[in-house]
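# Fold and geometry: a report
Residues per chain, in single letters:
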Amino acid sequence: MTGQTVVVAIDGPAGSGKSSVSRAIARRRSYGYLDTGAAYRAMAWLGISRGINPDDPDQVESLCASFSYRQETDPEHFRAWVAQTDVTAAIRTPEVSGRVSAYSAVPRVRAELIARFRALIAAETRDGIVVEGRDITTVVAPDATVRVLLTASPEARARRRAGQRGDAEVARVAAALAARDAKDSSVTSFLTAAPGVTVLDTSDLNFEQSVTALDALIEQTIRSTEEIA
Ligand code: DC
């Protein structure tokens, strides 16, 4: 590429493999990596630790105004901090996973984080950045170079999350994923592709095959963009 930063926007539901595939792509191409879900999780973590009621506009306003947040965009070393506290592990707990949707559904929270994501994308100094979430292709970066909706069947997603832990665990994880999708899709439409967004269904692909397929799609899109330019 010449000059322009390549922006790869990737949306998809929980368990689609979005985060691991996005990070692998960023590593392979030496791009930055922005996990936007991590910022929503950090906001929820802070809200929970302060006892904030996400339905109270005044409390949400003060939460957003004081949200001192930093996230590493190097795909090799993901870390996140709220003020001086390293929250990298804390934002992945079941408590945060279970309550994050209540925060990410608040328009004031979304506006705050979307502005910060756009600033991070604009500040990227590598050749490109992979940005993943639920509304990246549609709201955060609708002009991205490459726009992809990464999907997988509910069964495939539950099986990946449950690992080797048996049918009962797969059923439990499937129910938890479905509940979170239902909450999240009331504010962001990540289950169907917007016009111009390419769907990549990874249900029948393993991790390496998913990375290879997405990398080929990125390469092809960059080439056709360069031909038009
Ligand atoms: O991708 P994840 O599970 O880490 O995302 C955490 C939560 O944040 C998820 O429940 C939905 C929300 N989210 C969002 O609303 N918009 C984004 N761009 C990314 C995540």
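Everything that follows concerns the structure shown earlier in this document.
Residues numbered from 1 in each chain as written. Predicted model: local features only at pLDDT ≥ 70, side-chain atom pairs only at ≥ 80, totals over all residues. Heavy atoms only, no water.

This part is about the overall build of the protein chain. On a plain count of helices and strands, the protein chain comes out with 9 helices and 8 strands. Its C-alpha radius of gyration of 17 Å places the protein chain within 12% of the 17 Å reference for a compact globule of 229 residues. The principal-axis extent of the C-alpha atoms belonging to the protein chain is close to 55 × 45 × 30 Å. Long-range contacts, defined as pairs at least 24 residues apart, comprise 77% of the intrachain contacts of the protein chain with a sequence gap of at least 6. (Helix = DSSP H or I, 4+ residues; strand = E, 2+ residues; numbered from the N terminus. Rg over C-alpha atoms; globule rule 2.2 N^0.38 Å. Contact = heavy atoms within 4.5 Å.)

A few words on empty space enclosed by the protein. Summed over all chains, the structure comprises 1 cavity of 30 Å³ or more. Here the largest cavity defines a volume of roughly 50 Å³. Every residue along the wall of the largest cavity is listed here: Asp11, Arg134, Asp135, Thr137, Thr138, Leu149, Ser189, Phe190, Thr192, Ala193, Ala194 and Val197. When the residues that make up the lining of the largest cavity are grouped by side-chain class, the tally is 5 nonpolar, 4 polar and 3 charged. (1 Å grid on protein atoms, 1.4 Å probe; cavity = no way out; pocket = protein on both sides within 12 Å on 5 of 7 lines; lining within 4 Å. Points joined across faces, edges and corners; volume = space filled by probe spheres on them. Nonpolar A, V, L, I, M, F, W, Y, C, P; charged D, E, K, R; others polar.)

It is worth spelling out the side chain of glutamate 169 at this point. The topology assignment puts glutamate 169 in helix 8 (residues 166–184). For glutamate 169, a relative accessible area of 16% gives the class buried. Polar side-chain contacts of glutamate 169 include one of 3.2 Å to the side chain of arginine 165. (Buried < 20%, exposed > 50% of the residue type's maximum accessible area, 1.4 Å probe, protein only. Polar contact = N/O pair within 3.5 Å; in protein donor to acceptor, adjacent residues only side chain to side chain.)

So, on to the layout of surface pockets. Roughly 950 Å³ of volume is contained in the largest pocket. Put simply, the parts of the chain that give the lining of the largest pocket at least two residues each are helix 1 (18–29), helix 2 (36–50), helix 4 (94–104), strand 6 (128–133), helix 7 (154–162) and helix 8. Counting residues per element, the lining of the largest pocket draws most heavily on helix 8, which supplies 9 residues. Split into classes, the residues belonging to the lining of the largest pocket amount to 11 nonpolar, 14 polar and 16 charged.

Attention now goes to the packing of helix 2 against helix 5 (residues 107–122). Viewed as axis vectors pointing N to C, helix 2 and helix 5 meet at an angle of 135°, and their least axial separation amounts to 11 Å. Regarding the angle of helix 2 to helix 5, the classification is oblique. By crossing handedness, the relation of helix 2 to helix 5 is classed as right-handed. Of the residues in helix 5, those in contact with Thr36, Ala39, Tyr40 and Met43 of helix 2 are Val109, Arg110, Glu112, Leu113, Ile114 and Phe117. (Axes fitted to C-alpha atoms, helices over the stretch in contact; angles between N-to-C directions. Parallel < 35°, antiparallel > 145°, perpendicular 65-115°, else oblique. Left-handed = near helix turned anticlockwise from the far one by under 90°.)

The next point concerns the environment of arginine 79. Among the structural elements, arginine 79 can be located in the loop between strand 3 (69–71) and strand 4 (80–82). Sequence separation of arginine 79 and methionine 43 is 36 residues, and the distance between their C-alpha atoms is 15 Å. Beyond its immediate chain neighbours, meaning those up to four positions away, arginine 79 contacts Arg70, Gln71, Glu72, Asp86 and Thr88. Reaching out from arginine 79, the side chain makes a polar contact with the side chain of aspartate 86 at a distance of 2.8 Å.

As summarised here, the arrangement of the 5 strands in space is 2-6-1-7-8, forming an open sheet in which the pairing is parallel. Because the sheet does not close on itself, it has two edges, and the strands there are strand 2 (32–35) and strand 8 (198–201). Shown here is a sheet whose adjacent strand axes are inclined to one another by a mean of 20°, direction ignored. Examined bridge by bridge, strand 2 and strand 6 share 4 bridges and lie parallel to one another. (Pairing = 2+ DSSP bridges.)

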